[in-house]
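Spelled out from the first residue to the last, the chains are:
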Amino acid sequence: MFAVEDFQSLPDIKNQLLRPLKTLTVEIVKLPTTVTEGNKRDVVFLIDGTSKVGTNFYRIRDFIYNLIQNFDVGEDKDRIGVVQYSDDARVEFPLNAYSNFMTLLDAVRRLGLKGGRTLNTGSALDFIMKNVLTKSAGSRRDLGITQILVLITTGKSQDEVRLPSEILKRAGVVTFTVGINEADNSELHQIAYSPKLIFQVNDYWDLSDLDLQLLTVPNPQMGESVEIPSATTEVDKRDIVFLIDGSANIGKGFPIVREFLSRMIGNFDAGEEKVRFGVTQFSENPRTEFLLNTYSTKNEMLSAVKKLKLKRGKKLNIGAALDHVMKNAFAASAGSRLKSSVPQILLLLTSEKSRDDISQQAAKLREMGIVTFTVGVKKANQAQLEQIAYAPKLAFSMSSIRGLFDIEHQLQTIMKSVVVEVVEIPLKDQSH
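Residues numbered from 1 in each chain as written. Predicted model: local features only at pLDDT ≥ 70, side-chain atom pairs only at ≥ 80, totals over all residues. Heavy atoms only, no water.

S.K.: Before we move on, could you go through the overall build of the protein chain and cite the residues and values that matter?
M.R.: Secondary structure assignment for the protein chain yields 13 helices and 14 strands. For the protein chain, buried positions account for 52% of its 432 residues. With the model as given, the accessible surface of the protein chain reaches about 20,600 Å², and the carbon-plus-sulfur share is 49%. (Helix = DSSP H or I, 4+ residues; strand = E, 2+ residues; numbered from the N terminus. Buried < 20%, exposed > 50% of the residue type's maximum accessible area, 1.4 Å probe, protein only. Areas by Shrake-Rupley, 256 points an atom, 1.4 Å probe, with all protein chains shown as cover.)

S.K.: Quick one: what's the story with unusual backbone geometry, residue by residue and with numbers?
M.R.: In this structure, Ser341 takes a positive phi of about 65° despite not being glycine. Tracing the backbone through its elements, the reader meets Ser341 in the loop between helix 10 (318-329) and strand 11 (344-352). The buried category is assigned to Ser341, whose relative accessible area is 19%. For Lys378, which is not a glycine, the phi torsion comes out positive at approximately 55°. Inspection of the secondary structure puts Lys378 in strand 12 (residues 370-379).

S.K.: Lay out helix 10 with the relevant residues and their values.
M.R.: For an α-helix, the turn length of 3.6 residues means that residues three or four places apart are oriented alike. The set of residues buried in helix 10 consists of Ile318, Gly319, Ala321, Leu322, His324, Val325, Met326 and Ala329. Along its buried surface, helix 10 packs onto strand 8 (238-245), strand 9 (275-282), strand 10 (286-290), strand 11, helix 11 (359-368) and helix 12 (382-388). (Contact = heavy atoms within 4.5 Å.)

S.K.: Residues and numbers for the packing of helix 4 (residues 121-132) against helix 5 (residues 162-170), please.
M.R.: As a packed pair, helix 4 and helix 5 sit with axes 8 Å apart at the nearest point and diverge in direction by 30°. Regarding the angle of helix 4 to helix 5, the classification is roughly parallel. The two elements helix 4 and helix 5 meet at a crossing, and its hand is left-handed. For the pair helix 4 and helix 5, contact is made by Gly122, Leu125, Asp126 and Met129 and by Pro164, Ser165, Ile167 and Leu168, respectively. (Axes fitted to C-alpha atoms, helices over the stretch in contact; angles between N-to-C directions. Parallel < 35°, antiparallel > 145°, perpendicular 65-115°, else oblique. Left-handed = near helix turned anticlockwise from the far one by under 90°.)

S.K.: Explain the sheet that holds strand 11 residue by residue, including any values.
M.R.: Here we have six strands laid out as an open sheet, ordered 10-9-8-11-12-13, and mixed in their pairing. Looking at strand neighbours, the two that pair on one side only are strand 10 and strand 13 (395-398), the edges of this open sheet. On average, adjacent strands in this sheet sit at an angle of 20° to one another, irrespective of strand direction. Pairing of strand 8 with strand 9, which is carried by eight bridges, proceeds in the parallel orientation. Across the sheet, Leu243 pairs through a bridge with Thr280, a residue of strand 9. (Pairing = 2+ DSSP bridges.)

S.K.: Any chance you could break down the sheet that holds strand 2 (residues 41-48) for me, citing the residues and the numbers?
M.R.: Pairing is mixed across the open sheet formed by six strands, whose spatial order is 4-3-2-5-6-7. The open sheet has two edge strands, strand 4 (89-93) and strand 7 (198-201), and neither has a second partner. On average, each strand axis in the sheet is inclined to that of its neighbour by 20°, with strand direction left out of account. By the bridge criterion, seven bridges tie strand 2 to strand 3 (residues 79-85) in an arrangement that is parallel. Directly across from Val43, in strand 3, lies its bridge partner Ile80.

S.K.: Lay out the environment of Arg90 with the relevant residues and their values.
M.R.: Turning to its location among the elements, Arg90 is positioned in strand 4. Residue Arg90 is classed as partly exposed on the basis of its relative accessible area of 34%. Spatially, the C-alpha atoms of Arg90 and Lys114 are 8.1 Å apart, while their sequence positions differ by 24 residues.

S.K.: Tell me what's going on with the packing of helix 10 against helix 11, and back it up with residues and numbers.
M.R.: Interhelical geometry of helix 10 versus helix 11 gives an angle of 25° and a closest axis separation of 9 Å. Relative to helix 11, helix 10 is oriented roughly parallel. Where helix 10 crosses over helix 11, the handedness of that crossing is left-handed. Here helix 10 contributes Gly319, Leu322, Asp323 and Met326 to the contact with helix 11, which in turn contributes Gln361, Lys364, Leu365 and Met368. Considering only residue class, the contact of helix 10 with helix 11 consists of four nonpolar, two polar and two charged. (Nonpolar A, V, L, I, M, F, W, Y, C, P; charged D, E, K, R; others polar.)

S.K.: Tell me about the nonpolar core, residues and numbers included.
M.R.: Grouped together as the largest cluster of nonpolar side chains are 45 residues, with contacts concentrated most on Phe242, Phe277, Leu347, Phe373, Val375 and Leu411. Mapped onto this core, the elements with two or more residues apiece are strand 8, helix 8 (254-266), strand 9, helix 9 (298-306), strand 11, strand 12, strand 13 and helix 13 (404-417). Tallying contributions element by element places helix 8 first for this core, with seven residues. Apart from residues lying up to four places away in sequence, Leu411 is in contact with Phe260, Met264, Leu347, Phe373, Val375 and Phe396. Counting 34 residues, the second-largest nonpolar core is a separate cluster that includes Phe57, Val108, Phe199 and Tyr204. (Core = buried A, V, L, I, M, F, W, Y, C linked by side-chain atoms within 4.5 Å.)

S.K.: Any details on the pattern of salt bridges? Residues and values, ideally.
M.R.: For the structure on display, the rule yields 17 salt bridges. Arg90 is paired through a salt bridge with Glu92; the nearest N and O atoms lie 2.9 Å apart. For Glu92, a relative accessible area of 24% gives the class partly exposed. A salt bridge links Lys156 to Glu187, with the nearest nitrogen and oxygen atoms 3.9 Å apart. Taken as a pair, Lys156 in the loop between strand 5 (146-153) and helix 5 and Glu187 in helix 6 (residues 185-191) lie far apart in primary sequence, 31 residues in all. The class of Glu187 is buried, set by a relative accessible area of 7%. (Salt bridge = Lys/Arg side-chain N within 4 Å of Asp/Glu carboxyl O.)

S.K.: Tell me about the pairing of strand 2, and please be specific about residues and values.
M.R.: The element strand 2 is extensively covered by neighbouring structure, given that seven of its eight residues are classed as buried. Direction of pairing for strand 2 relative to strand 5: parallel, over a ladder of seven bridges. Across the sheet, the residue bridging to Phe45 is Val150, located in strand 5. In this region the chain leaves strand 2, passes through helix 2 (residues 57-68) and returns to the parallel neighbour strand 3; the handedness of that crossover is right-handed. (Right-handed = clockwise from strand over helix to strand, strands pointing away.)

S.K.: So what's going on with the confidence of the model for the protein chain? Residues and values would help.
M.R.: Residues with a pLDDT of 70 or more make up 82% of the protein chain, whose mean pLDDT is 83. This stretch, residues 19-26, has a pLDDT under 50; its non-local contacts, to residues over four places away or in other chains, come to 21 contacts. The low-confidence segment residues 33-38 (pLDDT under 50) makes 19 contacts with residues lying over four places distant or belonging to another chain. (pLDDT = per-residue confidence, 0-100.)

And the structure:
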């Protein structure tokens, strides 16, 4: 809604009115590496190229040269890119420039100092996100390949680094920071993906001691011991709905299902402004147990799960159940924050093949951007599980209900890594 005091003020809001008309807002759901491919990496070195570095530049160059020798370089393996920056950023070579190991090392050996008086780290980080970690420049981010950025800097940035650093973190880019001499420690902490990925040396000579340290740091994308900094609070919000088989086929296994739900909820930072949970049971028809906005504390949610009783029923109509959660559980009135770009996650647990059609509902879930996990036990149909799941690798199958505990950690890791990226695309002016 726009309000102006008089007609003469209308020109003042022209740009505000035109912006939504000229911009297409797209939400992209991104899945973590664990769902796609694991050991391959895209590694970009962002190096301080200011005149202050001077003749010490060759030491930075040697550091990168030695580090690269520990990577398995290739077009379908590890890809390496280098960017220098000072007042502005300059691509020395993108990720898709060299797939041959020796050619890559030659390119590093030929690097020369860029020069420049000002250190604008913030704009350089923004440049990396917009121009280097892109598909056209060789980034495989859309395929889930681990994205690593190594920032090497010698001083405090002259521009703001907070926002571009947050954008990189939300995109899942694992940023290491290497500070030399007068690099600002608090700034290094702000930029790094985790405090464990911050390295600081007093002299350029000390860079050689960092080679092995950098290589032995745990891989955050593989669920190892690097925690996401608390600054990324927005990423921690998500809406998770459990759609569970309540038919007689589950029967005496229901207490195990209940325990599984409790353990899943217990491992999230649950709360009204954090991770919200909802539960629906189904057999021939669905029954809402509680909605995303029914409970605001973890204890209330866990207490509600303990009181769950098996719905019962002989047949499974998964299609009708999926339709129900889309219309009722993932509605704004039920507490869904879909319109606020909070990740929407559905976990379907079923024990056999659906009696009704699920194809339209499966397509609609993807269209809505709901990331659906499917877990099949007993007689569940694998093809149907994969059809419903957001991606085939989000479909899990096991013979026993007790197998739920075997995939519990894996499910939590993936769910915590799902992010929604909001991208605004300017529309072409059609008036000419």
